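Okay, here's what each chain looks like letter by letter:
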Amino acid sequence: MLSPRLKANGRAFAHIAAFHPELVALRRDLHAHPELGFEEVYTGSRVKEALKLCGVDEIHEGIGKTGVVGIVRGKTSASGRMIGLRADMDALTMTENNDFPWRSTKAGMMHGCGHDGHTAMLVGAARYLAETRNFDGTAVLIFQPGEEGFAGAKAMIDDGLFERFPVQSVFAMHNWPAMKPGTVGINSGPMMAAADRVTIEITGKGGHGAHAYLTIDPVLVAAHIITAVQSIVSRNVKPIDNAVVSLCAMQAGDLGAMSVVPGKATLVGTVRTFSPDVQELVERRLQELCSAIALGFGASASVTFDRIYPATINTPDEAAFAGDVAESIVGAPNLVRNMEPSMGAEDFSFMLQAKPGAYLRLGQGGEGSCFLHNSRYDFNDDVLSLGSALHASLAEQAMPLAGSPIS
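Here's a quick rundown of the structure. No experiment lies behind these values; they were computed from the predicted model shown. (Residues numbered from 1 in each chain as written. Predicted model: local features only at pLDDT ≥ 70, side-chain atom pairs only at ≥ 80, totals over all residues. Heavy atoms only, no water.)

1. Things to note about the sheet that holds strand S6 (residues 184-185)
- With respect to topology, eight strands assemble into an open sheet ordered S1-S2-S4-S3-S5-S16-S6-S15, the strand pairing being mixed. Single-partner strands in this sheet number two, and they are strand S1 (58-63) and strand S15 (335-336).
- For strand S3 (residues 82-88) and strand S5 (residues 169-176), the ladder comprises four bridges, and the chain directions are parallel. When the bridges of S5 are listed, arginine 86 appears paired with alanine 172.
- Relative to the sheet, helix H3 (residues 41-54) contacts S1, strand S2 (67-73) and strand S4 (138-144), its axis offset from that of S2 by approximately 10°.
- Of the strands in this sheet, S2, S3, S4, S5 and strand S16 (357-363) touch helix H4 (residues 115-132), which is tilted by about 150° from S3. (Pairing = 2+ DSSP bridges. Helix = DSSP H or I, 4+ residues; strand = E, 2+ residues; numbered from the N terminus. Contact = heavy atoms within 4.5 Å. Axes fitted to C-alpha atoms, helices over the stretch in contact; angles between N-to-C directions.)

Laid out in structure tokens, this is it:
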């Protein structure tokens, strides 16, 4: 491992490429030691150790339970500007099926989404910014816990993140296996959908399957509900809007009791939307449909609609700025400015509700690569220096020194 095979423009990339092997070693160590949300003790300690070696000005621990924040001040802070850069640290409850030396050492846990790479990239940016300080202001490096379903971003915000570090804008990126290494994607609006959990509890009247006429069968009701809710998007949501309603699990009865009609059935699923108006429409129609269908069979149904993560919406000015920064590094042919949004979800959305900012996708795979949350996924180390340079350049170009050329 001498240098990254990937090439890019700018002094930040050239500087960071010199210590690329160290970023690879850190990333692979984190991959081998995955930790779940709010349990990132080892990961946090490695981050703190790395930030000390990088020479950052301040390290703050325990923000949002296991979150870490590093502070790097520029050659001057006269501008008063403060920019946030965020990376997520947690892993997934998955069993890894890779066989390379840095595979997970923990049963049932793996870095199947590349947060090990995100953490290493932000450490690389910290080192570059601390060594060069070619900016006027303060860079706030946010190492966030619990992105995978724990709302760690919200936990950090609730713990005073932006009161303690009042950034004017905040940026994050996520590796994207469907894009080639050396490419970056962004748009000026939705990047990721809101994620909501739906639980439908159906109550009927159990009994003997041979005398089903004496029951109120909740399984039958559940079947009608499963079919009916698919009409919500096709017959209620405008074609130009986006929504997904998926009922993904059902629990009713006992597989060992073939002739027993259960008294209850439960459906669980997810709703994905970009617009709050569409989100509210889907919730209302779920309530109405489920209640009416159950009533028609003499049963009852209750719907619990839990809003987990809001949509990740880039603010236009910050998205345009981030696109310009990315273009200066990878070149216009390798930048997609109208990136198609994903119906997946991301808790960076909470930060974008609190501050202007942008969320980028960093290409790392292309054809044949495992997608995120795959048991054979691994982060592509070739893009580590590029991701670090992109983080660092966002800070430099958002807080330029007077008379400093942009590169």
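Next, the rest of the story.
2. Looking at the pattern of salt bridges
- In total, this model carries 21 salt bridges according to the counting rule given.
- With a shortest N-O distance of 2.9 Å, aspartate 57 and arginine 133 are connected by a salt bridge. Of this pair, aspartate 57 sits in the loop between H3 and S1 while arginine 133 sits in the loop between H4 and S4, and the two are 76 residues apart along the sequence.
- Classification of aspartate 57 by relative accessible area gives partly exposed; the value is 34%.
- The residue aspartate 88 makes a salt bridge to arginine 86 at a minimum N-O spacing of 3.7 Å. (Salt bridge = Lys/Arg side-chain N within 4 Å of Asp/Glu carboxyl O. Buried < 20%, exposed > 50% of the residue type's maximum accessible area, 1.4 Å probe, protein only.)

3. What about the pairing of S4?
- Of all seven residues in S4, seven are buried; the element is thus mostly enclosed.
- Across six bridges, S2 lies against S4 in antiparallel orientation. Bridge assignment links glycine 70 to a residue of S4, and that residue is leucine 141.
- With seven bridges connecting them, S3 and S4 associate as parallel partners. Directly across from arginine 86, in S4, lies its bridge partner isoleucine 142.

4. Some details on the environment of proline 166
- Of note, proline 166 is situated in the loop between helix H6 (161-164) and S5.
- Judged by its relative accessible area of 40%, proline 166 is partly exposed.
- Sequence-wise, proline 166 and isoleucine 232 are 66 residues apart; in three dimensions their C-alpha atoms are separated by 41 Å.
- Not counting residues up to four positions away in its chain, the partners in contact with proline 166 are Met82 and Lys355.

5. Some remarks on unusual backbone geometry
- In this model, lysine 65 sits at a positive phi of 75°, which is unusual for a non-glycine residue.
- Inspection of the secondary structure assignment puts lysine 65 in the loop between S1 and S2.
- Phi angles above zero are rare outside glycine, and alanine 151 is one such case at about 55°.
- With respect to the helices and strands, alanine 151 occurs in the loop between S4 and helix H5 (152-158).

6. As for the nonpolar core
- Of all hydrophobic cores here, the largest spans 92 residues; its most connected members are Leu85, Leu129, Leu141, Phe143 and Met351.
- Per element, the largest residue contribution to this core is nine residues, and it comes from H4.
- In contact with leucine 85, not counting residues within four places along its chain, are Leu122, Leu129, Val140, Leu141, Ile142, Phe171, His391, Leu394 and Ala395. (Core = buried A, V, L, I, M, F, W, Y, C linked by side-chain atoms within 4.5 Å.)

Shape descriptors only; they carry no functional weight alone.
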